[in-house]
Amino acid sequence: MLKGRKYQHFARARRPAKTPAHEILAYPEGARFVFDTGKALEVEGGYCALPDGDLLDAYSNAVVRAVERVGPSVVRIHPMLEDPRMSGVGSGFAIGADKELGGGLILTNSHVIQGASRFVVITAEGRNFTARCVGDDPDTDLAVIKIDQAADIPVARLGDSKKLRRGQLVIAIGAPLGFEATVTTGVVSAMGRSLRGERGRLIEDLIQTDAALNPGNSGGPLVNSTGEVIGIATAIIAGYQGLCFAVAANTAGFVIGELLAHGHVRRGSIGLIAQQAPIPPALARATGVQQPYAVYVAHVDLGGPAAKAGVKEGDLLIAAGDRPLTGLDDLLRALDHHSIGHPTPFLVIRNARLMTVTVTPKLRKPGA
């Protein structure tokens, strides 16, 4: 008996003591929990029913807010052509006003305005204006037209396309085929894509999205959930669902400045095809590079400045001079008109080693 009691005492001592429940966590039986929406709730059969208006989820609310913010700036563009059978239609959006002449400035696609010098612009409210071309850049498929009359059109704001991430929500707004403005949604599928346009020119720094771009949506804005324009719709791959492309807003910002100042984009060329690419963490540690992205060289033109300098396919371009290259928009800025004919040191990662090659950009002829 004594031995048995001793084992019982030992067993009791080894059991963890029960922790008393804190009063703050103790709820009375029958307590009901409700979510406070700031509105009166109707109680039906002992359950709290939310008003119908509150059933819109965060996704829907984000889309609605973005469309309400940017939609009024979207316009329909009709080229005024001599042959009515060749009449087309595209989209665009207001980016500002010409301070000297008073007309509104509209950003659209280069291929939308081809073949015409005058245009009819129809706003979301149904107002009609005439417009003319201010500048055109087929290399990025962007163009700026100016409304002839004074027009108070809400302006859309360009965002930072470099902050985009794959999987991020995007909204495409356009005015296709003469219909009222339409909205489609999707996600960013990829960034830094390159694509050959209708005339064979390579368009770089494209955003790939699965947001449907209908015929006539060309030139319309691709918007993020906060209502910032992060891309300009430019192309659809016919027969391949989910393959739609938009020019990145950062590239558009650079092109707009050049078009307004000179009517065309003055740029240098080093003779390569490239795209944005992440720097693998192990490679970054091995080379001491801090930036998360670089420019990946996919193709080098034989006899071009890059090939003559020793740039090879597969290289990662890290910097041009003292300018970090974290995307194609950075490379475009590095190859502005100041770079033409001036030797520029490019910091390159090749075979897990840092090296420097000196490239002398040449003048890139418009349309070449």
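What you are looking at is a predicted structure, and each value in this text was computed from that prediction instead of being measured. (Residues numbered from 1 in each chain as written. Predicted model: local features only at pLDDT ≥ 70, side-chain atom pairs only at ≥ 80, totals over all residues. Heavy atoms only, no water.)

Q: Sorry if this is basic, but what is going on with the overall build of the protein chain here?
A: If you tally the helices and strands in the protein chain, you get seven helices and 22 strands. Sorting the 368 residues of the protein chain into buried and exposed places 43% on the buried side. Look at the contacts in the protein chain between residues 6 or more apart in sequence, and 59% of them connect residues 24 or more apart. Summed over all atoms, the accessible surface of the protein chain reaches about 20300 Å², with 55% contributed by carbon and sulfur. (Helix = DSSP H or I, 4+ residues; strand = E, 2+ residues; numbered from the N terminus. Buried < 20%, exposed > 50% of the residue type's maximum accessible area, 1.4 Å probe, protein only. Contact = heavy atoms within 4.5 Å. Areas by Shrake-Rupley, 256 points an atom, 1.4 Å probe, with all protein chains shown as cover.)

Q: I would appreciate a short explanation of the environment of Arg-193 in the present structure.
A: Here Arg-193 shows up in strand E10 (residues 182-196). A relative accessible area of 32% means that Arg-193 is categorised as partly exposed. Through-space distance from the C-alpha of Arg-193 to that of Gln-275 is 6.1 Å; in sequence the pair is 82 residues apart. At a separation of 3.2 Å, a polar atom in the side chain of Arg-193 contacts the side chain of Gln-208. (Polar contact = N/O pair within 3.5 Å; in protein donor to acceptor, adjacent residues only side chain to side chain.)

Q: How should the pairing of strand E20 (residues 344-350) be read in this particular structure?
A: Along any regular strand the residues' side chains alternate between the sheet's two faces. The element E20 is extensively covered by neighbouring structure, given that five of its seven residues are classed as buried. Of the pairings in the sheet, the one linking strand E18 (residues 316-320) to E20 comprises four bridges and is antiparallel in character. Bridged to Leu-317 within E20 is Val-348. As defined by bridge partners, E20 adjoins strand E21 (residues 353-359) across seven bridges and the pair is classed as antiparallel. (Pairing = 2+ DSSP bridges.)

Q: I tried to follow the nonpolar core on my own but got confused; where do I start?
A: Within soluble globular proteins, side chains that are nonpolar tend to cluster in buried spots. Counting residues in hydrophobic clusters, the biggest one holds 31 residues, and the most contacted among them are Phe-93, Ile-95, Leu-107 and Val-144. With five residues, helix H4 (residues 249-262) is the single largest residue contributor to this core. If we skip the residues at most four places from it in the chain, Leu-107 touches Gly-92, Phe-93, Ile-95, Ala-143, Val-144, Gly-219, Ile-232, Ala-252 and Ile-256. (Core = buried A, V, L, I, M, F, W, Y, C linked by side-chain atoms within 4.5 Å.)

Q: Before we go on, may I ask you to explain the pairing of strand E8 (residues 142-150) in this structure?
A: As paired elements, strand E7 (residues 128-137) and E8 share six bridges and run antiparallel to each other. Looking at the pairing, Ala-131 lines up with Ile-147 of E8. Turn length for the E7-E8 hairpin, with the two strands adjacent in sequence and antiparallel, is four residues, and the turn residue Asp-141 shows positive phi of about 55 degrees.

Q: Just to check I follow, could you spell out the confidence of the model for the protein chain for this structure?
A: For residues with low pLDDT, the predicted coordinates do not support detailed interpretation. Looking at the protein chain, the pLDDT average stands at 81 and 75% of residues meet or exceed 70. Predicted confidence for residues 19-27 stays below pLDDT 50, and this span has one contact to residues more than four positions away or in other chains. (pLDDT = per-residue confidence, 0-100.)

Q: Teacher, can you tell me more about H4 here?
A: In an α-helix, one turn spans 3.6 residues; hence positions three or four apart end up facing the same way. The terminal C-alpha atoms of H4 lie 20 Å apart, and with 14 residues this matches the ideal 20 Å at 1.5 Å per residue to within 8%. Gly-263 sits one or two positions beyond H4 and adopts a positive phi of about 85 degrees. (Expected span 1.5 Å × (residues − 1).)

Q: What's the story with unusual backbone geometry in this structure? I'm lost.
A: Glycine aside, residues mostly have negative phi, and peptide bonds are mostly found in the trans state. Phi is positive for Asp-141, which is not a glycine, with a value near 55 degrees. Note on Asp-141: relative accessible area 5%, which makes it buried. In this model, Ala-352 sits at a positive phi of 65 degrees, which is unusual for a non-glycine residue. Relative to the elements of secondary structure, Ala-352 occurs in the loop between E20 and E21. Since its relative accessible area comes to 44%, Ala-352 is described here as partly exposed.

Q: How should I be thinking about the environment of Gly-227 in this particular structure?
A: Here Gly-227 lies in the loop between strand E12 (221-223) and strand E13 (229-236). For the pair Gly-227 and Val-70, spaced 157 residues apart in sequence, the C-alpha separation works out to 6.2 Å. Excluding anything up to four places from it in sequence, Gly-227 contacts Ala-66, Arg-69 and Val-70.

Q: It is not clear to me how helix H2 (residues 58-70) should be interpreted in this structure. Could you clarify?
A: If you check H2, its first and last C-alpha atoms are 18 Å apart, about what 13 residues at 1.5 Å a residue would give, namely 18 Å. Residues of H2 that are buried: Ala-62, Val-63, Ala-66 and Val-70. For H2, the buried positions fall inside an angular range of 95 degrees around the axis, keeping them on one side. Away from the buried face of H2 by more than 90 degrees, exposed residues Arg-65 and Glu-68 are located. (Arc of directions from axis to C-beta.)

Q: I would appreciate a short explanation of the pattern of salt bridges in the present structure.
A: Proximity of charged atoms lets side chains of opposite charge pair with each other. In this structure the tally under the stated criterion is 10 salt bridges. When the shortest N-O distance is used, the salt bridge between Asp-137 and Arg-267 registers 3.1 Å. Of the two residues, Asp-137 sits in strand E7 while Arg-267 sits in the loop between H4 and strand E15 (268-269), which places them 130 residues apart along the sequence. Each of the two residues, Asp-137 as well as Arg-267, counts as buried. We note a salt bridge from Arg-333 to Asp-329, for which the minimum N-O separation is 3.7 Å. Within this pair, Arg-333 and its partner Asp-329 are both found in helix H7 (residues 328-334), separated by four residues, close to a single helical turn. Note on Arg-333: relative accessible area 26%, which makes it partly exposed. Since its relative accessible area comes to 6%, Asp-329 is described here as buried. Each of Lys-162, Asp-329, Asp-330 and Arg-333 takes part in one network of salt bridges that share partners. (Salt bridge = Lys/Arg side-chain N within 4 Å of Asp/Glu carboxyl O.)

Q: Is there a simple way to think about the side chain of Asp-330 in this case?
A: Note on placement: Asp-330 falls in helix H7. Taking the relative accessible area as the measure of exposure, Asp-330 reaches 11% and is therefore buried. Looking at Asp-330, its side chain comes within polar contact range of the side chain of Thr-326, at 2.7 Å.

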